[in-house]
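Coordinate analysis (summary)
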Amino acid sequence: EKADSGKPINVDAGRVSQDQKTGRSVLEGGVRLVQGTLSLDADQAVITEQADGEQTVQASGRPVKFKQKMEGQEVWLDARSDKLDYDSKTGDVKLTGNAWLKRGQDELSGSHIVYNSVTEIFRAEGNASATPGTDGRVKLVIQPKKKPESQAKP
Amino acid sequence: MLPDRAARAFPLLLLGLLAGMALLLDRATNLPYFSPPAGSRDPDLTINRFVATGYGPDGKPLYQLTASGMRHYPHDDHSEFADALLVRTLPGEPTLTINAEKARITEGGDRVFFEQDVRMHRTAAAGVDAMTLKSSRLQLDITRGLASSDAPADMVSGGNRMRSTGFDYDHPNTRLNLRSNVSLYYAPPQR
């Protein structure tokens, strides 16, 4: 949801190594990050606190899992990828490597997907050599909207 | 950068002071020296309102250890302090303050063990927020400025909060390792 980016970030991890001069924290041993309705689960992550109090997150996992509720709807966006970069200031979520995203019934996969958690807009890129066993092209499945009962009958 | 020679001398100075005080008092007061029977675990020296300060070549204090009471135990040459407060003010570093209900200095002299209601505070410095840490025990290597604990700890730095079981803190480099069961809370940015 839009309000997520203004919420505190809570993180649980197995262990953390923090350089307090650079604001850079390396989190290992399983990482769970929650910010409002947005959540992320990864094997490890690097969180860097910026001077303005914002955070950038670089997560990796097998895979990294991302989830967020859509604004004003009971619809959730789910995403997975090998790597995920999140910027709390811009709301950008970059999914890299075996990227997959599902919103409601619509589904998208490719080697790169960029989703913005504030505007809820996403963009996908294919890469022929990136994903073995696939043609590397972007696949998008948009489900037809169910017509109301009255229009459904011939 | 390891602190300079004077800074490294403080622990040895402190230990030398504690270990030798009993003999020193004997000469000053001409009291018969009571040599505790072998195996005795009684203190041979107690001091109330204890203050020990180590200075650098420029005359500025580098360390100060204060306590409401101090006891020295000759059987293993360790000293115990009540309401202990250690302040480390090395040049080029933010001030580090550690206080606790109890502290202990062991034979080697370069480690202080703090116990019960331990609070460590680092003042803010260029690019580094102030940090306050609470735990039930903490071990400090005085010379190298390395603090560690295996106990649960609760830290606040800037608007952020951290909890873990066990930590290692390198003060000169402001690096912090949180050993396990870590929870971080990043406050929302001011927009």
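None of the values given here were measured: they were computed from a predicted structure.

Turning next to the interface of chain B and chain A. Contacts between chain B and chain A engage 26 residues on the former and 27 residues on the latter. When chain B packs against chain A, close to 2,100 Å² is buried across both sides, 39% of that on carbon and sulfur atoms. Of all residues in chain B, Leu184, Tyr186 and Arg191 of chain B give up the largest surface area on contact with chain A, accounting jointly for 32% of the area buried on that side. The interface formed by chain B and chain A includes 1 salt bridge. The tally of links from chain B across to chain A stands at 13 residue pairs in polar contact (both at pLDDT 80 or more). Contributions of two or more residues to the side of chain B that touches chain A are made by strand E8 (160-170) and strand E9 (175-186) of chain B. If you tally residues by element for the side of chain B that touches chain A, the top one is E9 of chain B, at 12 residues. Its residues assigned to classes, the side of chain B that touches chain A shows 14 nonpolar, 8 polar and 4 charged.

This part is about the packing of aromatic side chains. Scanning the model with the defined rule gives 2 aromatic pairs over all chains in all. Between Phe66 of chain A and Tyr115 of chain A, the aromatic rings sit 6.2 Å apart at their centres with planes inclined by 65 degrees, giving edge-to-face as the arrangement. Of the two residues, Phe66 of chain A sits in strand E5 (residues 55-69) while Tyr115 of chain A sits in strand E8 (residues 106-116), which places them 49 residues apart along the sequence. The pair formed by Phe66 of chain A and Tyr115 of chain A is uniform in burial state, with each residue classed as buried. In this structure, Arg80 of chain A packs its charged tip against the face of Trp100 of chain A, placed 4.1 Å from the ring centre. Over the ring of Phe113 of chain B we find Arg104 of chain B; its NZ or CZ atom is 5.0 Å from the centre of that ring.

All names here are of chain A. Considering the arrangement of structural elements, one finds Ser25 in strand E2 (residues 24-35). Ser25 sits in the buried class, given a relative accessible area of 1%. A distance of 3.0 Å separates polar atoms of two side chains, one belonging to Ser25 and the other to Gln18.

Conventions used here
Residues numbered from 1 in each chain as written. Chains lettered and ligands numbered in written order. Predicted model: local features only at pLDDT ≥ 70, side-chain atom pairs only at ≥ 80, totals over all residues. Heavy atoms only, no water. Contact = heavy atoms within 4.5 Å. Buried area = accessible area lost by both parts, 1.4 Å probe. Salt bridge = Lys/Arg side-chain N within 4 Å of Asp/Glu carboxyl O. Polar contact = N/O pair within 3.5 Å; in protein donor to acceptor, adjacent residues only side chain to side chain. Helix = DSSP H or I, 4+ residues; strand = E, 2+ residues; numbered from the N terminus. Nonpolar A, V, L, I, M, F, W, Y, C, P; charged D, E, K, R; others polar. Phe/Tyr/Trp six-rings, centres within 6.5 Å; stacked < 30°, edge-to-face > 60°. Buried < 20%, exposed > 50% of the residue type's maximum accessible area, 1.4 Å probe, protein only. Lys NZ or Arg CZ within 6 Å of the ring centre and 35° of its normal.

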